[in-house]
Amino acid sequence: MIYLPIGMKSEIAAAPRGRPRAFDPEAALDRAMHVFWTKGYEGASLSNLTRAMRINRPSLYAAFGNKEQLFRKVLDRYMDGPLAFFQEALAARKARDVIEQIFFGVADMAGDPRAPAGCLVVQGALACGDAAGSVRKEIAALRAAAKAALRRRLQRAKREGDLPKNADPGELSHYVMTVLHGMAVQGADGASCDQLRSVAQIALRAWPKR
């Protein structure tokens, strides 16, 4: 399930003056993204993160802040990287093309050997307990922002006559996001790219015709 960033982007903390960092913050952030993607927010311990990022805790805190701040930076990176296809799909000329590109984008993630299974946003949300309430709220806000962006795109499609007059952009955006959520969970359970593409093709059969 699959989603868009909102608000201002987090910035990686500038290195303090003096001896330069002995690590690449961008590479370290990518490694942290893979840990959160695989284990979820609560499942990713500081030991998991520092080991994967190849830094110690003081360096993590100095460069990225605490675990919650690091996760927010990872979310920004995820939205601009692996999930960038969502924003790109919204620019497609026809509404059905928008949805097809989004569905197939999720399916193709399952076939990328560089990416962990599933979706970071879904994995992070499912693994967030009450102790991570602010993280859960942020992920929920990302989901809501994605759904709202899709609804606006479909509202435009309806105004342009690209959807039938009885189509409801709100209901359609909810339908799409529900399918995406299910595909992400199936991907985390090991569904292949081909299997998820089949799901996408079946879901597209329900798309309203003019």
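Residues numbered from 1 in each chain as written. Predicted model: local features only at pLDDT ≥ 70, side-chain atom pairs only at ≥ 80, totals over all residues. Heavy atoms only, no water.

Q: For this particular structure, what's the right way to read the pattern of salt bridges?
A: Side-chain pairing between opposite charges can occur once the charged atoms of the two side chains come close. A complete count under the given rule lists 8 salt bridges for this structure. In this structure, the salt-bridge partner of Arg 96 is Glu 100, at a minimum N-O distance of 3.1 Å. On the criterion of helical spacing, the pair formed by Arg 96 and Glu 100 is a turn pair, its members being 4 residues apart in helix α6 (residues 95–110). Exposure remark for Arg 96: the relative accessible area of 38% places this residue in the partly exposed category. Connected through shared salt-bridge partners, Glu 26, Asp 30 and Arg 77 make up one network. (Salt bridge = Lys/Arg side-chain N within 4 Å of Asp/Glu carboxyl O. Helix = DSSP H or I, 4+ residues; strand = E, 2+ residues; numbered from the N terminus. Buried < 20%, exposed > 50% of the residue type's maximum accessible area, 1.4 Å probe, protein only.)

Q: Looking at this model, I keep getting lost on the packing of α6 against helix α8 (residues 133–159). Mind explaining?
A: Angle between the axes and distance between the axes are the two parameters that describe a pair of packed helices. In the contact formed by α6 and α8, the axes pass within 9 Å of each other and the chain directions differ by 155°. Put simply, α6 runs roughly antiparallel to α8. Contacts between α6 and α8 pair Ala 95, Val 98, Ile 99 and Ile 102 from the former with Leu 150, Arg 153, Leu 154 and Ala 157 from the latter. For the contact of α6 with α8, the per-class residue count stands at 7 nonpolar, no polar and 1 charged. (Axes fitted to C-alpha atoms, helices over the stretch in contact; angles between N-to-C directions. Parallel < 35°, antiparallel > 145°, perpendicular 65-115°, else oblique. Contact = heavy atoms within 4.5 Å. Nonpolar A, V, L, I, M, F, W, Y, C, P; charged D, E, K, R; others polar.)

Q: Whenever I open this one, the confidence of the model for the protein chain confuses me. Can you help?
A: Per-residue confidence for the protein chain gives a mean pLDDT of 86; residues scoring 70 or more make up 85%. In this model, residues 1–20 is a region of pLDDT below 50 whose contacts with residues beyond four sequence positions or in other chains number 58 contacts. (pLDDT = per-residue confidence, 0-100.)

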